[in-house]
Amino acid sequence: MNSSEQLSKYLSQAILLEVAAAPKPGLVTRHSNGAHRDMSLLTFAMSSAVAASAFFASGRIGNAHGGSLPELFQALRRYGREAEKELLQSTQGVNTQRGILFAGCLLAGAAGYLEQEGQALTVRNVCRTVAAMTEGLVDRELKSLKQEAAVTAGEKLYVRHHITGIRGEAEKGFPSVMTHGLPGLRDAFKNGATLNDACVHALLALMTVAEDSNVVWRTDYESLLWLRERAEQVFSLGSIYTGKGYEAIRELDHDCIERRISPGGCADLLSVTLALYLLENKEFPTKVM
């Protein structure tokens, strides 16, 4: 396995870890279907196999690419649309992992490109490459949209609320991951957390800042603001490190289910966080699983 394939492997592991971790407010876990009635851990098992295959294929596309980075984005986008069809077919039309399919294919493609260019496969280089690959994406695809021309959920949310979602994260090099996801994960491991609890802690850190389009699409913009405030409250109570903090996480999960709030965008960014941590460190600390 070459070095760029390692990131595809890490992405594949990350999406499995993300869905299994618990408790995750409003999200599917190994214990709960969260705020969803149309998906479960089994639905994710079906789509994860498709997504993993797509990550490796995207790495190969990047590795064989001889043109510019914007041209690489277009090649990955064309492939990604076909992979998305396969993903939805595997879940009988249920959208489990379209966000991380998009982000993961870009990351894997960037890794393949860096390898064939002889550049170091670091977290910073991979994220910078994705940013260069997608430069101008929001302007091209969202800013010029009129309300009547908006078709997809992402387009409609931008027109209504100027939410850029996963497009904006990619174009900026995943700032929420760099400033909150990865620091949250590192902090949890430094303080002796298990892998499960480190995932939960990093997710909550992402929830305090991420522009989660899934939350707004399923409910409204006020729910996103409410979620950020509640995540901040969890941190003020100690998060995973205290009994009060852990109880607050469980209460937030209950309330998200009641309100049908599912921070799927944050879940996608958690997967990115886990994959980039592994790219940086090759493995998780010993005895965390």
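Heads up: the structure comes first, above all this text.
Note on numbering: residues in each chain are counted from 1, in written sequence order. Local features in this predicted model are restricted to residues of pLDDT 70 or higher, and side-chain atom pairs are both shown and tallied only at a pLDDT of 80 or more, whereas totals for entire chains, interfaces and linings draw on every residue. For side-chain calculations, the full set of non-hydrogen atoms in the structure is used, while hydrogens and water are omitted.

Participant: Explain the nonpolar core to me, and be specific about the residues and the numbers.
Facilitator: Here the nonpolar core consists of buried residues drawn from Ala, Val, Leu, Ile, Met, Phe, Trp, Tyr and Cys, with membership extended through side-chain atoms lying within 4.5 Å. A 1.4 Å probe rolled over the protein chains alone gives each residue an accessible area, and that area as a share of the maximum for its type sets the label: buried under 20%, exposed over 50%, partly exposed in between. Core analysis: the largest hydrophobic core is formed by 83 residues, its most contacted members being Leu7, Leu107, Phe174 and Leu276. At twelve residues, helix H4 (residues 98–116) tops the list of elements feeding residues into this core. Should any heavy atoms of two residues lie within 4.5 Å, those residues are considered in contact. For phenylalanine 174, the contacting residues outside a window of four places in its chain are Ala103, Leu107, Cys127, Val130, Ile166, Glu169, Leu269 and Val272. Ranked by size, the runner-up nonpolar core spans five residues in total, among them Val19, Val28, Phe44 and Val94. Helix and strand labels come from DSSP, where a helix needs a run of H or I of at least four residues and a strand needs a run of E of at least two; each type is numbered from the N terminus.

Participant: Talk me through unusual backbone geometry; I want residue IDs and the actual numbers.
Facilitator: Cis rather than trans, the peptide bond between alanine 22 and proline 23 has omega equal to -5°. Assignment of secondary structure puts proline 23 in the loop between helix H1 (3–20) and helix H2 (41–64). Although it is not a glycine, glutamine 92 sits at a positive phi angle of roughly 60°. Even without being a glycine, lysine 282 presents a positive backbone phi close to 75°. Here lysine 282 lies in the segment after helix H14 (264–281).

Participant: Describe the side chain of threonine 208, listing the residues and the values that go with them.
Facilitator: When you line up the elements, threonine 208 lands in the loop between helix H10 (195–207) and helix H11 (213–218). Counting of polar contacts relies on pairs of N or O atoms within 3.5 Å, with two restrictions inside protein: one atom must be capable of donating a hydrogen and the other of accepting it, and residues adjacent in sequence are counted only when both atoms are side-chain atoms. There is a polar contact of 2.6 Å between the side chain of threonine 208 and the backbone oxygen of alanine 205. Ignoring anything within four residues of it in the chain, the contact list for threonine 208 reads His180, Arg228, Ala231, Glu232 and Phe235.

Participant: I'd like a rundown of the state of the cysteines, residues and numbers included.
Facilitator: Counting rule for disulfides: a pair of cysteine sulfur atoms within 2.5 Å. In total, this model carries zero disulfides according to the counting rule given. The closest cysteine sulfur to the non-disulfide-bonded cysteine 199 is located on cysteine 266, 14 Å from its own sulfur. Judged by its relative accessible area of 2%, cysteine 199 is buried. Summary of cysteine pairing: cysteine 266 is not part of a disulfide, and the nearest cysteine sulfur, belonging to cysteine 256, is at 10 Å.

Participant: Could you give an account of the pattern of salt bridges, naming the residues involved and the relevant values?
Facilitator: Where side chains of opposite charge bring their charged atoms close, a pairing between them can arise. One side-chain nitrogen of Lys or Arg within 4 Å of one carboxyl oxygen of Asp or Glu is enough to make a salt bridge. According to the stated counting rule, one finds eight salt bridges in the structure shown. Residue lysine 85 is joined to glutamate 82 by a salt bridge in which the shortest nitrogen-to-oxygen separation is 3.4 Å. Note that lysine 85 and glutamate 82 are positioned in helix H3 (residues 69–90) at a spacing of three residues, about one turn of the helix. Since its relative accessible area comes to 54%, lysine 85 is described here as exposed. A residue is classified by how much of its surface remains accessible, and glutamate 82, at 47% relative accessible area, is partly exposed.

Participant: Describe the packing of aromatic side chains, listing the residues and the values that go with them.
Facilitator: Two numbers describe a pair of aromatic rings. These are the distance of the centres and the angle of the planes. Aromatic pairing here means that ring centres of Phe, Tyr or Trp (its six-membered ring) are within 6.5 Å. Orientation follows from the plane angle: under 30 degrees is stacked, over 60 is edge-to-face, and everything else is tilted. For the coordinates displayed, the defined rule picks out three aromatic pairs. Aromatic pair phenylalanine 189 and tyrosine 277: ring centres 5.3 Å apart, planes at 50°, arrangement tilted. Of the two residues, phenylalanine 189 is situated in helix H9 (residues 175–190) and tyrosine 277 in helix H14; the sequence distance between them amounts to 88 residues. The burial state of phenylalanine 189 is the same as that of tyrosine 277; both residues are buried. Every member of this aromatic cluster is reached through a ring pair, and the members are Phe189, Tyr277 and Phe284. The positively charged end of arginine 259 is found above the aromatic ring belonging to tryptophan 226, 4.1 Å away from the centroid. Here, a charge over a ring is recorded when the distance from Lys NZ or Arg CZ to the ring centre is within 6 Å and its angle to the ring normal is within 35 degrees.

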